[in-house]
Amino acid sequence: IVDYRLPGSDQTASTSIYPWSYLDKDFIENDFMIQKSNIENFDFLETNESAKTINVAAGRWYVEKNMIIHEGYEVTAGAGTEIYLSNNAKILSYSSLEFIGTEENPIVISSEDSTGQGIIVINSDQKSLLEHVHFNNLSNPLQGGWELTGAVNFYESPVEIYYCHFMNNNSEDSLNIIRSEFSIDHTSFSDAASDAVDVDFSDGTIRDSSFAGCGNDAVDISGGTVEFEDISIQGAGDKGISAGEATQLAGRNIEIKSSQIAVASKDISEVNIEELSIENCDYGLAVYQKKSEFGPSNMSVTGLSMDNVDVSYLIEIGSSLIIDGQDIESDFENVFDILYGDDNGQ
């Protein structure tokens, strides 16, 4: 708190100081995002200049310092590859990843001591491909004043993810996709500390995938166009599916169990779902406005079944919910406050 008095005034006023972390004098030198590629420091990386590939040799590798991969290559890894991050190490790649394991012998990216800070792929024009990869016990990249929220991040970098597992990740998001085209298929997410998947301003599909034990949302979408099909969600601490900031969401054959809120459409989002099953949830369907710069939202569901749901619908006045062609009356004000009160819910 600072007490102050304006010149010429006898009155003293007080104001709180906005907290800001100490800025190290070596911040520029240590800025992670401007450091040069250092692949020559890792003897298990094999570069082929003619093919423009960087191959991760099969084997178990322990990485205790940041790995930075320059642009213009394809980073490949196959079955039998295991990378264990520690000492706050992270992997930053400006090139696409082609990590293809097998069901019997998946690729493993993990941290045995919970200090590994995960993976970032940024500004790669070429599409990444992840198949049979296990991401386990990772945290989000953080260094100095720079931070991303996902244990695995794709920023303006398209990606396809098949038969992968995201487990026990200690980050705001297990997987964060930002302004990138994507597809997720036959992939599982379990025991996420907060959100399992966070999609920001990206278009793509999520199919034949499962979510279990998420501390917050199973899938949080903002400003994207996303299709869901054959999805199972169990044990989301907040929302099973959250659509916000003008998201367009189409879903089919979705099952949500034991979550606080099954599906939420907010801030001029449009959610359309066919065949939705909700079981053992506090709230079924919530349609509302959260942010003042947006507006009401809409949701339409056909083939809805509910069992043991405390409050089936929360529809804010101005928003709309249609179930099997029938309008459900909107008779609530300030739905966000009803759901979260003084908490910082999303």
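Caption draft 1: Representation of the overall build of the chain within the structure. Looking only at helices and strands, one finds two helices and 33 strands in the chain. For the chain, the C-alpha radius of gyration of 23 Å lies close to 20 Å, the compact-globule estimate for 346 residues. Seen through its C-alpha atoms, the chain measures out along the principal axes to roughly 70 × 65 × 35 Å. Buried positions account for 49% of the 346 residues belonging to the chain.

Caption draft 2: Up close: unusual backbone geometry. Residues other than glycine seldom take positive phi values, yet H132 does so here, at roughly 55°. Within the fold, H132 resides in the loop between β13 (128-131) and β14 (133-136). A residue is classified by how much of its surface remains accessible, and H132, at 15% relative accessible area, is buried. The phi torsion at D230 lies on the positive side, around 55°, for a residue other than glycine.

Caption draft 3: Layout of the packing of aromatic side chains. Counted by the stated rule, this structure contains seven aromatic pairs. Between K65 and the ring centre of F42, over which it is positioned, the NZ or CZ distance is 5.7 Å.

Caption draft 4: Representation of the side chain of N137. Its location among the elements puts N137 in the loop between β14 and β15 (142-143). N137 gets classed as buried once you look at its relative accessible area, which sits at 14%. Those residues in contact with N137, other than ones at most four positions away along the chain, are S111, E112, S114, M167, N168, N169 and N170.

Caption draft 5: Local environment of the pattern of salt bridges. If you walk through the whole model with that rule in mind, you get 11 salt bridges. R207 is paired through a salt bridge with E227; the nearest N and O atoms lie 3.4 Å apart. Residue R207 is located in strand β24 (residues 203-214), and its partner E227 is located in strand β26 (residues 225-236); the two are separated by 20 residues in the primary sequence. Given a relative accessible area of 27%, R207 falls into the partly exposed group.

Caption draft 6: Quick look at the environment of V133. Note on placement: V133 falls in strand β14. As for V133 and I100, which are separated by 33 residues in sequence, their C-alpha atoms are 7.1 Å apart. Apart from residues no more than four positions distant in its own chain, V133 is found in contact with F99, I107, I109, Y163, C164 and H165.

Caption draft 7: Quick peek at empty space enclosed by the protein. Enumeration over the complete set of coordinates arrives at one cavity of 30 Å³ or more. Put simply, the largest cavity is a space of about 60 Å³. Forming the boundary of the largest cavity are F44, L45, V56, M67, I69, V75, I83, I91, L97, F99 and I119. Of all the secondary structure elements, the ones that give two or more residues to the lining of the largest cavity are β6 (67-69) and β10 (96-100).

Caption draft 8: Representation of the side chain of S180 within the structure. Tracing the chain through its elements places S180 in the loop between β20 (173-178) and β21 (182-185). Looking at S180, its side chain comes within polar contact range of the main-chain nitrogen of S157, at 2.8 Å. At 2.7 Å, the side chain of S180 and the backbone oxygen of I178 are in polar contact. With residues up to four places along the chain from it excluded, the contact list for S180 reads F154, Y155, E156, S157, P158, F201, S202 and D203.

Caption draft 9: View of a nonpolar patch on the surface. Together, V2, Y4, L6 and I17 make up an exposed nonpolar region whose accessible area comes to about 380 Å². Looking at the secondary structure, you find L6 in the loop between β1 (2-4) and β2 (13-15).

Caption draft 10: Local environment of the environment of Y18. Note on placement: Y18 falls in the loop between β2 and α1 (27-30). According to the relative accessible area criterion, Y18 is exposed, its value standing at 66%.

Caption draft 11: Quick peek at the pairing of strand β4 (residues 53-56). Bridge analysis of strand β3 (residues 45-48) against β4 gives four bridges, and the strand direction is antiparallel. Bridging across to β4, T47 finds its partner in I54. Where β3 folds back onto β4 in an antiparallel hairpin, the turn is made up of four residues, including K52, whose phi is positive at roughly 55°. Across four bridges, β4 lies against strand β7 (residues 74-78) in parallel orientation. Following the sheet pairing, V56 is matched in β7 by A77.

Caption draft 12: Looking closely at the environment of W61. Its place among the elements puts W61 in strand β5 (residues 59-63). The partly exposed category is assigned to W61, whose relative accessible area is 23%. A C-alpha to C-alpha distance of 9.5 Å links W61 and F42, two positions 19 residues apart in sequence. The residues touching W61, leaving out its near neighbours within four places in the chain, are F44, V56, E82, I83 and Y84.

Reading guide: rules and limits
Residues numbered from 1 in each chain as written. Predicted model: local features only at pLDDT ≥ 70, side-chain atom pairs only at ≥ 80, totals over all residues. Heavy atoms only, no water. Helix = DSSP H or I, 4+ residues; strand = E, 2+ residues; numbered from the N terminus. Rg over C-alpha atoms; globule rule 2.2 N^0.38 Å. Buried < 20%, exposed > 50% of the residue type's maximum accessible area, 1.4 Å probe, protein only. Phe/Tyr/Trp six-rings, centres within 6.5 Å; stacked < 30°, edge-to-face > 60°. Lys NZ or Arg CZ within 6 Å of the ring centre and 35° of its normal. Contact = heavy atoms within 4.5 Å. Salt bridge = Lys/Arg side-chain N within 4 Å of Asp/Glu carboxyl O. 1 Å grid on protein atoms, 1.4 Å probe; cavity = no way out; pocket = protein on both sides within 12 Å on 5 of 7 lines; lining within 4 Å. Points joined across faces, edges and corners; volume = space filled by probe spheres on them. Polar contact = N/O pair within 3.5 Å; in protein donor to acceptor, adjacent residues only side chain to side chain. Patch = residues over 30% accessible without salt bridge, like charges linked within 9 Å, V, L, I, M, F, W, Y side chains within 5 Å. Areas by Shrake-Rupley, 256 points an atom, 1.4 Å probe, with all protein chains shown as cover. Pairing = 2+ DSSP bridges.

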